[in-house]
Amino acid sequence: MNELKNKAIEILNANWRDGFSIPCEKLYPFQWNWDSGFIAIGFAHFDMPKAEEEISTLLDAQWGNGFIPHIVFHTETDTYFPGPDYFCSELHTDASKKYKTSGITQPPVLGFVLAEILRISTDKKATLKFIEGVIDKVYDNHNYFYTKRDPQNEGLVYIYHNWESGTDNSPMWDDIIHNMDSPDYEFERRDTTHVDASQRPSKREYDHYLHILEIAKEHNYSDEKIAELSPFLVQDPLFNSMLTKSNESLIELYTLIGGNANKIKQLETWQEKAIKSFNNKLFDEELGAYIHYDLRNERKIKHISSSSFTPLFANIPSKERAEKLVQTLMSRFGNENQYLCASFDPESELYKPKKYWRGPVWINLNWILYNGLVQYGFKDISKRVKDDTVELIAKNGFYEYFDARKEVSKGGYGGINFSWTASLLLDLLNKK
Ligand code: 2M8
């Protein structure tokens, strides 16, 4: 175990740049939003100043309206597409003046990341002081989501791009994406020069991804116009679980800090509405799981993925519903020949065990699942998620994603020495 821990620390140190971390060499050369949150949790175990700097640097790129971009382009390099010249964040009047950024966001993890680093900290007073200095920015981000991304005032926010979900090419998006009449754009991909193209999204899929961005750019990233016109408008249970968990953490942290009654009240109002709508709208009795909702076409997306179980982490289901959810998890994903947890339903014909978010196991989703299961008292299954996670990494290395099939001997794919794989393994190994 110590060997694995040391390797994880070595990777995090190697991926550290001046004030932030890259997800991994070559493939992802900038700072990514939710990666940074997960990375900070790892650093908190051995280098708290870096954990704090990671978070501060990301928040430094926050836009005037509270929006936090999914990529901060700190350095000049043309090894990633789409880069700063494609995104043109300056089109939005509130965009960061200090950094070039993307114009889409990612799952809002920072609220619970602050609570996690406080849990890990051996100097709670100092860490709470740091949190006091940044917490309002995270609150402003939540305020952005609830005021700009919830057109029907439901307590559930939408994402307008599959890259905002973090689960980029999940089969969840297939119907929406393939019904789009996107142009055949000319552009030079960089990802497929770094990793096996068969594990990454196709050229046609990238056309669709760019098409959604073209519409947003045409309207200077206006939230109102995007809500009106974007062909992709989805309420995602993973994204909303991260926001809901972060609400819970912000309430806890503001209470510890003291003197923020109005903000706590507002967070409680958002939280109450979110949990209610989550359970009324996003739980599908027939599937026995939380689902994605296509807000543009007003219809449920009837598939199950690892995202379907993330509401456990945000304390959304009742005890009874949690039982049902876990039964679904184990009957579909928990076969003895499979590691937990495939990113897409292994029983679906759309499942692809080697292809990015269409099947492989991802360590950040396992970490979320593990913590959710622990919260609800599912001891044996949470232990299995942890053991499977450790085994996958010990057997294959610190990859970006992993084959869920146990019979595959070399099952690590995508980028190598991947930051959140290292960081979250470190956290899991340090947990009782
Ligand atoms: C992947 O996404 C980026 C776009 O944001 C890409 O494919 O180029 C996803 O796995 C995403 O969740 C992750 O944050 C990012 C960096 O690790 O890579």
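Just above, that's the structure.
The text that follows walks through the structure, step by step, so that each part is easy to find. (Residues numbered from 1 in each chain as written. Predicted model: local features only at pLDDT ≥ 70, side-chain atom pairs only at ≥ 80, totals over all residues. Heavy atoms only, no water.)

### Observations regarding the nonpolar core
Counting 150 residues, the largest nonpolar core has F38, I55, Y160, W367 and W420 as its most contacted members. Every residue in contact with W420, bar those within four places of it in the chain, is listed here: W34, D35, F38, I39, W357, W362, I363, N364 and L425. (Core = buried A, V, L, I, M, F, W, Y, C linked by side-chain atoms within 4.5 Å. Buried < 20%, exposed > 50% of the residue type's maximum accessible area, 1.4 Å probe, protein only. Contact = heavy atoms within 4.5 Å.)

### As for the site of the ligand
By nearness alone, 17 residues border the ligand, and D35, Y80, G166, D168 and Y356 come closest of all. A distance of 3.0 Å separates an oxygen atom of the ligand from a polar atom in the side chain of W34. Within the side chain of R200, an N or O atom sits 3.0 Å from an oxygen atom of the ligand. Calculation on the ligand without its partners gives an accessible area of 410 Å², and the protein chains cover 99% of this total. Its residues assigned to classes, the shell around the ligand shows 11 nonpolar, 3 polar and 3 charged. (Near = heavy atom within 4 Å. Polar contact = N/O pair within 3.5 Å; in protein donor to acceptor, adjacent residues only side chain to side chain. Areas by Shrake-Rupley, 256 points an atom, 1.4 Å probe, with all protein chains shown as cover. Nonpolar A, V, L, I, M, F, W, Y, C, P; charged D, E, K, R; others polar.)

### Notes on the environment of A289
With respect to the helices, strands and loops of the structure, A289 is situated in strand β6 (residues 289-290). Of the residues examined, A289 reaches a relative accessible area of 0% and is grouped as buried. As a C-alpha pair, A289 and L329 span 40 residues in sequence and 8.4 Å in three-dimensional space. (Helix = DSSP H or I, 4+ residues; strand = E, 2+ residues; numbered from the N terminus.)

### Things to note about the environment of I264
Along the chain, I264 turns up in helix α13 (residues 261-281). We classify I264 as buried; its relative accessible area is 15%. For the pair I264 and L350, spaced 86 residues apart in the sequence, the C-alpha separation amounts to 43 Å. Beyond its immediate stretch of four places on either side in the chain, I264 contacts I251, Y254 and T255.

### Observations regarding the sheet that holds strand β3 (residues 100-101)
Strand order in the open sheet formed by 3 strands is β1-β2-β3, with antiparallel pairing between adjacent strands. Because the sheet does not close on itself, it has two edges, and the strands there are β1 (31-32) and β3. In this sheet, strand β2 (residues 71-73) lies alongside β1 in antiparallel orientation, the contact comprising 2 bridges. Residue pairing across strands places Q31 opposite V72, the latter belonging to β2. (Pairing = 2+ DSSP bridges.)

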